[in-house]
Amino acid sequence: MYRRHATSLNREIVSTTHAELQQQVARILMPGGFPNPAREAELLIAAVLDRSPGQLELDRLLGRSLERDQVDGVLAVASRRARREPLQHLVGSAPFREVELAVGPGVFVPRPETELLVELVYADPAARRTQARIADLGSGSGAIAIGVAMALPGAEVVALEASPFAWPWLQRNLRRHAPHVEARFGDWDAQLAHEHPASFDVLVSNPPYVPQRAIPADPEVRLFDPETALYSGGDGLDEIRRIAVAAARLLRAGGFLVVEHTEQQGAAIREILAGSGLVDTTTHPDLTGRDRFTSARQRG
Ligand SMILES: C[S@@+](CC[C@H](N)C(=O)[O-])C[C@H]1O[C@@H](n2cnc3c(N)ncnc32)[C@H](O)[C@@H]1O
């Protein structure tokens, strides 16, 4: 089906157009049950060819040709994507704020809404104290720790991660984007047990918060995000209960805690945080207006 010719560089050009490739990819994706295979095909082609959607549109309008290995690369990824492997795993990276984080099997893929958690941290006065100490509990790929460290170059940031499968991704991303962040392997509570009381200005976490029986509908999440990154007891709040106790011990006066959660959990989390003695409990919406983050403060 391809017509071929060789360029002066001897790269094989095939006459498949971008529009044809998109249709072919959408057909391959069909068994995956995507709500919008054409849109999914467009995202996949853009990611594999490392083109923005705008550049792809221009390629289409100008009728630009594709090289054989580009077409082959896209089609190979499409068949794996049809089995709902996350696109980020297939291309090996996920954007987060101003960086591209390396991701793959074993590590939680950072989500765009978590960028707001970073913004809540660096907007807080406690994070802007001189040499603020900030801990990211359950760092995964390092998204939050790196985002905070880049936004607050004077801060001392500690990234804690207990999964041996996520750990290499964390180390790799820290080496590349924020080598001054201290990474500690193991349960965050155990890793912080030797810290003096009132020794941190900010604790931040996107912890596991899915109730054990609320299996996520998206196959990408259910099948490919690590279980240790998702589930946290019957109501999803076990980890947040531990975080509340730790925050009451570890935060300095006026220190700030902020956690991510589902849109149904805000009220319960405010109650948990107040129950451990923290004040100013506040739930914050994401950009779509859903309540996804709750913060609290150590008494000043
Ligand atoms: C939802 S993921 C968030 C990852 C990353 N912070 C992000 O926002 O993309 C939760 C992470 O916490 C880690 N984790 C879960 N329980 C932990 C514990 N007790 N101590 C340290 N890390 C833990 C998981 O392995 C996972 O990487």
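Residues numbered from 1 in each chain as written. Predicted model: local features only at pLDDT ≥ 70, side-chain atom pairs only at ≥ 80, totals over all residues. Heavy atoms only, no water.

Draft legend 1. The arrangement of unusual backbone geometry in detail. Its identity as a non-glycine residue notwithstanding, Q131 has a phi of 50°, on the positive side. Relative to the elements of secondary structure, Q131 occurs in the loop between α6 (114-123) and β6 (133-137). According to the relative accessible area criterion, Q131 is exposed, its value standing at 62%. (Helix = DSSP H or I, 4+ residues; strand = E, 2+ residues; numbered from the N terminus. Buried < 20%, exposed > 50% of the residue type's maximum accessible area, 1.4 Å probe, protein only.)

Draft legend 2. Broad picture of the site of the ligand. Around the ligand, the surrounding shell holds 20 residues, and the nearest of these are G138, E161, D187, W188 and N206. Residue E161 places a side-chain N or O atom 2.6 Å away from an oxygen atom belonging to the ligand. Within the side chain of E239, a nitrogen or oxygen atom sits 3.2 Å from a nitrogen atom of the ligand. Across the shell around the ligand, the residue classes tally to eight nonpolar, eight polar and four charged. (Near = heavy atom within 4 Å. Polar contact = N/O pair within 3.5 Å; in protein donor to acceptor, adjacent residues only side chain to side chain. Nonpolar A, V, L, I, M, F, W, Y, C, P; charged D, E, K, R; others polar.)

Draft legend 3. Just the UniProt feature "domain: Methyltransferase small" (unreviewed entry) in the protein, in detail. In the numbering adopted here, UniProt assigns the feature "domain: Methyltransferase small" (unreviewed entry) to residues 114-216. The span residues 114-216 carries 34% helix and 20% strand; its end-to-end C-alpha distance comes to 18 Å. (UniProt positions renumbered as here; feature names shortened; annotations may be inferred.)

Draft legend 4. Geometry of the pairing of strand β9 (residues 200-205). Within β9, six of the six residues are buried, which leaves it mostly tucked inside the rest of the structure. Here three bridges tie β6 to β9, and the two strands are oriented parallel to one another. Bridge pairing links I134 to V202 in β9. Across five bridges, the pairing between β9 and strand β10 (residues 251-260) is parallel. Bridge pairing in β10 links S205 to V259. (Pairing = 2+ DSSP bridges.)

Draft legend 5. Structural detail: the sheet that holds β6. Across the sheet, which stays open at both edges, the seven strands sit in the order β8-β7-β6-β9-β10-β12-β11 with mixed pairing between neighbours. Two strands bound the open sheet, and with one partner strand each, they are β8 (182-185) and β11 (279-285). Neighbouring strand axes in the sheet, compared pairwise and without regard to direction, differ in orientation by 15° on average. Two elements, β10 and strand β12 (residues 291-297), share five bridges in a ladder whose sense is antiparallel. When the sheet's bridge partners are listed, E260 is paired in β12 with F293. The strands that helix α7 (residues 143-151) touches are β6, β7 (156-161) and β9; relative to β7, the one it contacts most, it runs at about 175°. (Axes fitted to C-alpha atoms, helices over the stretch in contact; angles between N-to-C directions. Contact = heavy atoms within 4.5 Å.)

Draft legend 6. Layout of the packing of helix α1 (residues 18-29) against helix α2 (residues 37-49). Between α1 and α2, the least distance of the axes is 8 Å, while the angle of their chain directions is 115°. The two elements α1 and α2 meet at a crossing, and its hand is right-handed. Along the contact surface, α1 presents H18, L21, Q22, V25, A26 and L29, while α2 presents P37, A38, E40, A41, E42, L44, I45 and L49. In terms of residue class, the contact of α1 with α2 is built from 10 nonpolar, two polar and two charged. (Left-handed = near helix turned anticlockwise from the far one by under 90°.)

Draft legend 7. Main features of the nonpolar core. In this structure, V121, I134, V148, V157 and V181 are the most contacted members of the largest nonpolar core, which totals 31 residues. Secondary structure elements with two or more residues in this core: β5 (99-102), α6, α7, β7, α8 (167-177), β9 and β10. Among the elements that make up this core, the one with the highest residue count is α7 (six residues). Excluding residues that lie within four positions of it along the chain, I134 makes contacts with V121, A127, V148, L152, A155, E156, V157, V158, F200, V202 and V204. One finds L137, L160, A246 and V259 within the second-largest nonpolar core, a separate group that totals 23 residues. (Core = buried A, V, L, I, M, F, W, Y, C linked by side-chain atoms within 4.5 Å.)

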